[in-house]
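Below are the chains, spelled out letter by letter.
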Amino acid sequence: MIGYLTTEQFLPELREELKDIKSTHGNLILADGPLQESVWAHNIWLDPQLITFESITQAAKALKDLGKLWTPVTYEHHRRAQLIQDQLPKLRSRVMDFLAPLPDNNLGAWTLIDKNTLIASPRTDSPFPMGEVRFNEDKINPPSRAYLKLWELFTVFGIMPKPGERVVDFGSCPGGWTWVLQKIGCEVVSIDRAPLEPRIAKLPRIEFIKTNAFTVKPEDIGKIDWFFSDIICYPEKLLELVLAWQKSGLCENFVCTIKFQGATDFVTLKKFQALENATVRHLRHNKHEVTVWIKKSSS
Ligand SMILES: C[S@@+](CC[C@H](N)C(=O)[O-])C[C@H]1O[C@@H](n2cnc3c(N)ncnc32)[C@H](O)[C@@H]1O
């Protein structure tokens, strides 16, 4: 059995993608093992077990016997859950700086399913409570909060270009991604129909092209190391753009936001997942959208 936790908003998507679901508890879905690839789970509970208990002290002791660091997930019996958690070792804040090393231990997680029963997994796949990284945000420099998606990808997943690499940033206005990419030392070709915020546009190593991204041919830009896109468009249209760049042979690394308008487009999502070396995840900083990255295996 494996547990898959998401937020209330994306529970329907998680239910849609998982097979062999056994039960749902709040936003936690238990499914028969083995581990399934999941786009929508923020936190995977690797060894969930059912524990029955009579008293709060007994519950806390059972958890302490199983593991060291616990994060509670509550959807009912909040007060009782808090009293149990109060008896467990305190978890220090894990708010992260951009590119800081990840905490070296992943957390355990538990939830009360009724007054006398809890599900506890001493191992999860994340060092952050509910799998959700929080950053010490830069409230001054970036022109939008979209930069947090790249901070998360770079810091948590280690997927990022190297200084000096040439990247294209499609749908770049007002300039959050372009700002992140410029700041880590990339040469950025930044493309949008709308202008960049002027203080971003005048930073060094940024070439801004004001145009419709779908009229730009790969040969117009030439060889690049990374393709970034945060364009608001239908997933199918983004897929066409990515395929055109793959076909051109002018780029091998891709990071894109697939944005859904209305219902989630599972059909196109599957096509992205089927691309060679593609990973698709709903990041904590994604709204009704997911992030796909395709990385050349040796870079
Ligand atoms: C979510 S915003 C991007 C935010 C940006 N990544 C940031 O960090 O500030 C989406 C952008 O896509 C742009 N966009 C939508 N369709 C476009 C197109 N066909 N060509 C170029 N840009 C487009 C919009 O103008 C908008 O600025």
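Given the structure is predicted, the values throughout are model-derived calculations rather than measurements.

### Points about the domain arrangement of the protein chain
Logical step 1: Splitting the protein chain by domain gives domain 1 (2–131) and domain 2 (147–294).
Logical step 2: Centre-to-centre separation of domain 1 and domain 2, based on C-alpha positions: 32 Å.
Logical step 3: Contact with domain 1, which involves 15 residues of that partner, is made by 20 residues of domain 2.
Logical step 4: Taking both sides of the interface into account, the surface hidden between domain 1 and domain 2 amounts to around 1500 Å²; carbon and sulfur atoms contribute 70%.
Logical step 5: Counting the surface domain 1 buries against domain 2, the share from its top three residues, V39, W40 and F98, is 42%.

### Details of the packing of aromatic side chains
Logical step 1: The final tally for this structure, using the stated rule, is 15 aromatic pairs.
Logical step 2: When the ring of W40 is compared with that of F260, the centres are 6.3 Å apart and the planes differ by 40°; the resulting orientation is tilted. Within this pair, whereas W40 is found in the loop between β3 (28–31) and β4 (43–45), its partner F260 is found in the loop between β13 (253–259) and α9 (266–273), the two being separated by 220 residues in sequence. In terms of burial, W40 and F260 fall into one category: buried.
Logical step 3: Ring geometry for F157 versus W293: centroids 5.0 Å apart, planes at 55°, classification tilted. Residue F157 is found in helix α4 (residues 147–157), and its partner W293 is found in strand β15 (residues 289–294); the two are separated by 136 residues along the sequence.
Logical step 4: Judged by its relative accessible area of 6%, W293 falls in the buried class.
Logical step 5: An aromatic cluster is built from F98, F135, Y147, W151, F154, W177, W179, W226 and F228, whose rings are joined through pairwise contacts.
Logical step 6: One residue, K237, lies across the ring of F214, its end atom 4.2 Å from the ring centre.

About the cut-offs
Residues numbered from 1 in each chain as written. Predicted model: local features only at pLDDT ≥ 70, side-chain atom pairs only at ≥ 80, totals over all residues. Heavy atoms only, no water. Domains from an automatic or database assignment. Contact = heavy atoms within 4.5 Å. Buried area = accessible area lost by both parts, 1.4 Å probe. Phe/Tyr/Trp six-rings, centres within 6.5 Å; stacked < 30°, edge-to-face > 60°. Helix = DSSP H or I, 4+ residues; strand = E, 2+ residues; numbered from the N terminus. Buried < 20%, exposed > 50% of the residue type's maximum accessible area, 1.4 Å probe, protein only. Lys NZ or Arg CZ within 6 Å of the ring centre and 35° of its normal.

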